[in-house]
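Results of the structural survey
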Amino acid sequence: MSEREPRRGRTPPAFADPVYVTRPLLPAAEAYKLAIEGIWERHRLTNKGPLHDALEARLQAYLRVPQVSLVSSGTMALMLSFRALALSGQVITTPFTSPATINAIVACGLTPVFADIDSRDLTLDPAAVERAISSHTSAIVGVHIFGMPCRTDSLRTIADQHGLRLIYDGAHSFGSEVDGKPITRFGDLTTLSFHATKLFNTAEGGAIVTDDADLKRKLDLWKTLGMQDEVSVVLPGINGRMNELEAALGLANLDLVDAERDARSAIGLIYSTRLAGIEGLTCFETPSNVRRSHTYFVVRVDNRQQTASRRDYLYERLKAFNVFVRRYFYPLCSNFPIYRDLPSAAPQNLPAANRAAKEVLCLPFFGALGPARAHQICAIVRHILA
Ligand code: T4K
């Protein structure tokens, strides 16, 4: 990283306490105590307890979807989906994602084939997907990255033409909608993450959303070791269950999620207004037909005119102000030593993804941040990049 000249003008104050990229949504301790009280009466901790079933039903209504299967994490949601859909051979996906997406593919004995993204929305480029198809391809795994919807129409057409399964990793897109349609209703199924760092969380957890009732039944079996009853195991399932303590947290947090989304929306407006006009910095905008999930607030810091990375410079300098932002998703998955030898991982195959990994930065984004601290962060960013 290059050292730059001191900025002109007054230096904004640093925060007294660290400000992180996110802070988990939590109910008041009393509300959570109330939500878990019945557990002590029932002595039911896991294995499809009543709170698990209640959260499934409430999410079905909240997300306006026919079938929800709760699971123990977003990673588990991906793995169970790949198993239940009996994928084989190669799976085409984006390298610009959490390692969770790629690791889940590999953990199921499948080979990831990386296709480049479109630099405008950072989701899979359908033309690159088409080029990556071979006789071994069984599925496309799109990621609605930062809640930005994939090109669902084009990917559906490609999947149908080639007889491929179409799966969406919707870890970042809880509650997103496209033209009023829930984002979880595209493809064969959509996986969600309810990790602590997500808009809606159950500490650890996730879900699989599908329109297909048979698939939901199969997924429920896959997540319970394939056990149909005490004496019959009908498929080689795994333990992917959500427990009652997590489900209780989900029920309490679901009451708060709309207010949290509104608070984040106000912060997002402050960021996009106050950061406008900083040379080389752009806020990642969602199109007007998309209802955002407000899981992340993303900026891109253009490096092209610089020898050293301005994005990394900003990332490092913010630490001196007690602001800890994240470079999701850097390094790019295809550049990890465990994946870089795959033929599709060659950087010349993935120019847009490689560039995004060098430019994207996620700013602190959670309701409790409040407008005053959002304004202060804008002043700090402007000061650093002036
Ligand atoms: N697909 C995609 C596209 C994903 O992004 C992910 C996960 C998955 C699938 C898999 O879902 P899960 O299996 O995780 O359900 C986080 C999360 O661990 C991970 O869920 C997430 N994506 C990824 C993008 O981010 P880190 O390494 O950034 O987490 P960490 O611990 O550094 O947390 C970031 C900041 O949040 C901390 O600096 C402070 C704050 N924080 C975090 C936690 C966990 C808190 O204040 N409290 C907390 O409890 O990975």
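Above this text sits the structure in question.
On a predicted model such as this, the values are computed, not experimentally measured, just so you know.

Rules of the game
Residues numbered from 1 in each chain as written. Predicted model: local features only at pLDDT ≥ 70, side-chain atom pairs only at ≥ 80, totals over all residues. Heavy atoms only, no water. Near = heavy atom within 4 Å. Polar contact = N/O pair within 3.5 Å; in protein donor to acceptor, adjacent residues only side chain to side chain. Areas by Shrake-Rupley, 256 points an atom, 1.4 Å probe, with all protein chains shown as cover. Helix = DSSP H or I, 4+ residues; strand = E, 2+ residues; numbered from the N terminus. Nonpolar A, V, L, I, M, F, W, Y, C, P; charged D, E, K, R; others polar. Pairing = 2+ DSSP bridges. Axes fitted to C-alpha atoms, helices over the stretch in contact; angles between N-to-C directions. Contact = heavy atoms within 4.5 Å. Left-handed = near helix turned anticlockwise from the far one by under 90°. Buried < 20%, exposed > 50% of the residue type's maximum accessible area, 1.4 Å probe, protein only.

Attention shifts here to the site of the ligand. In the vicinity of the ligand, 25 residues are found, and the nearest of them are Thr 75, Asp 169, His 172, Arg 326 and Tyr 328. One of the side-chain nitrogen or oxygen atoms of Asp 169 is found 2.7 Å away from a nitrogen atom of the ligand. Within the side chain of Lys 198, an N or O atom sits 3.0 Å from a nitrogen atom of the ligand. If the ligand stood free it would expose 910 Å²; the protein chains cover 71% of that surface. Of all the secondary structure elements, the ones that give two or more residues to the shell around the ligand are helix H3 (74-84) and helix H4 (99-107). When its residues are assigned to classes, the shell around the ligand shows 10 nonpolar, 12 polar and 3 charged.

Pairing is antiparallel in the open sheet, where 3 strands are placed in the order E13-E15-E17. Bordering the open sheet on either side are strand E13 (281-283) and strand E17 (360-363), each of which pairs with just one other strand. For this sheet, the mean angle separating the axes of adjacent strands, direction not counted, is 30°. Pairing geometry for E13 and strand E15 (residues 297-301), over 3 bridges, is antiparallel.

Before going further, it helps to spend a moment on the environment of Thr 123. For Thr 123, the position within the fold is in the loop between strand E4 (111-114) and helix H5 (126-132). Spatially, the C-alpha atom of Thr 123 lies 12 Å from that of Ile 140, the residues being 17 residues apart in sequence. Ignoring any residue separated from it by four or fewer positions in sequence, one finds Thr 123 in contact with Ile 117, Asp 118, Val 143, Ile 145, Met 148, Pro 149, Cys 150 and Arg 151. Polar contacts involving the side chain of Thr 123 include one to the side chain of Asp 121, which spans 3.0 Å.

Let us look at the packing of H3 against helix H7 (residues 213-222). It is at 10 Å that the axes of H3 and H7 come closest, and there the two elements cross at 115°. The hand of the H3/H7 crossing is right-handed. Of H7, the residues touching H3 (which contributes Leu 80, Ser 81, Arg 83 and Ala 84) are Leu 215, Lys 218, Leu 219 and Trp 222. Looking at the contact of H3 with H7 residue by residue, the class counts come to 5 nonpolar, 1 polar and 2 charged.

Further remarks concern the pairing of E15. Burial of E15 is extensive: 5 of the 5 residues sit out of reach of the surface. Bridge analysis of E15 against E17 gives 4 bridges, and the strand direction is antiparallel. Following the sheet pairing, Val 299 is matched in E17 by Leu 361.

So far we have only geometry, and geometry alone does not tell us how the molecule works.
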